[in-house]
Amino acid sequence: MTVQTPPAPLFTIPIPACGDSHPGGTITCTEPKDSVYVLTWSSPPDNRITTPFCRALLAALDALEMGPAKGKPAGVVVTTSAIPKFYSNGLDLRHAIETEGFWALLYQVWKRFLTFPMPTVALLNGHTYAGGLMLAMAHDYRLAPSGRGFLCLNELLFGAPLKPAMAAIFRHKLPAATLRSLALEARRFSGAEAVAAGLADATTNLGIDDVLAFIHERGLVDKSKSGVYGVIKAELHAPLIATLAGPGLEAEERRFDADQRAEAERKEFAKVWYDEWRKDQKAKL
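Residues numbered from 1 in each chain as written. Predicted model: local features only at pLDDT ≥ 70, side-chain atom pairs only at ≥ 80, totals over all residues. Heavy atoms only, no water.

The name recorded for the protein chain in an unreviewed UniProt entry is Enoyl-CoA hydratase, from Hirsutella minnesotensis 3608.

Pasting the structure below:
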């Protein structure tokens with residue numbers, strides 16, 4: 001029996017440590033087949049999305065985009081995880097809230113995938129939750145695990161609101177019924193359920209052969225050769241991209257903050273009315 005030797009890395013980008021909870025890791029690029037570039041991240045314990053993770057991922061995408069100019073042809077980018085249980089368990093919420101510039105950086109990562117000049121495929125090898133699912137949604141395609149791992153937007157369960165950009169990426173990509181189940185029920189989708197709901201394009205047994213077959217069936221390797229793939233993507237996603245950066249993001253954040261203030265005022269007045277109403281009801285007894 002012939003043992004297949006894993007392809008040698010083309011490059012490795014370090015993920016620096018981030019506080020006590022995130023010791024750091026790496027993003028490694030391999031080329032298992034000509035012009036198919038696999039970015040495999042490993043950031044223990046569960047690939048949380050932090051500032052160092054985002055910066056390392058942007059650096060890896062830059063290295064891939066610049067590669068063709070140095071003799072490497074354009075092709076397809078696949079992202080996956082070296083940690084079997086998790087593609088990504090989402091944001092480190094405390095880090096996100098306390099770190100200046102984090103949200104803009106996160107949205108920059110999404111925009112980079114939404115406009116990247118090659119097809120991108122998220123190979124979801126395990127649990128893909130919250131911010132991890134948002135990152136996967138920024139890819140062109142998603143392959144969900146057929147055996148283990150769930151896709152879930154669980155902000156509802158731990159009391160975190162969806163910021164405007166977060167809601168926008170799901171609203172832009174998903175049917176209304178799927179969005180309701182995902183956001184308002186915090187439903188956990190298995191791989192097969194994710195495909196049926198439009199969250200993913202196919203299931204996989206997690207072997208590299210599955211993703212290579214998917215890429216071959218769709219003829220994805222050749223899609224970027226004409227040089228306009230990223231331009232077309234940017235136009236298709238223009239409304240979403242406007243929400244992720246600059247004046248569009250600022251306007252949506254102001255609108256969101258104004259809505260929250262208005263809701264707080266409504267509750268305050270409703271409480272005053274309710275207290276008076278209760279007193280009146282008791283007086284009539």
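Don't stop here, the text continues.
### Description of the pattern of salt bridges
Counted by the stated rule, this structure contains 13 salt bridges. One salt bridge connects Lys233 with Asp140, and the closest N-O pair in it is separated by 2.9 Å. One end of the pair, Lys233, is in helix H10 (residues 229–236); the other, Asp140, is in the loop between helix H4 (131–137) and strand S8 (141–145), with 93 residues separating them in the sequence. By relative accessible area, which is 17% here, Asp140 ends up buried. One connected set of salt bridges, linked through shared partners, spans Asp62, Glu65 and Arg112. (Salt bridge = Lys/Arg side-chain N within 4 Å of Asp/Glu carboxyl O. Helix = DSSP H or I, 4+ residues; strand = E, 2+ residues; numbered from the N terminus. Buried < 20%, exposed > 50% of the residue type's maximum accessible area, 1.4 Å probe, protein only.)

### As for the sheet that holds strand S1 (residues 11–15)
Strands sit in the order S1-S2-S3-S4-S6-S8-S10 across an open sheet of 7 strands; the sheet is mixed. Every other strand in the sheet has two partners, leaving S1 and strand S10 (202–204) as the edge strands with one partner each. Pairwise comparison of adjacent strand axes, ignoring direction, gives a mean angle of 25° for this sheet. As judged from the 6 bridges shared by strand S2 (residues 25–33) and strand S3 (residues 36–42), these two strands associate in the antiparallel manner. Counted as the bridge partner of Thr28 is Thr40 from S3. Against the sheet, helix H9 (residues 208–218) touches S2, S3, strand S4 (76–81), strand S6 (120–123), S8 and S10, its axis set at about 145° to S8. (Pairing = 2+ DSSP bridges. Axes fitted to C-alpha atoms, helices over the stretch in contact; angles between N-to-C directions. Contact = heavy atoms within 4.5 Å.)

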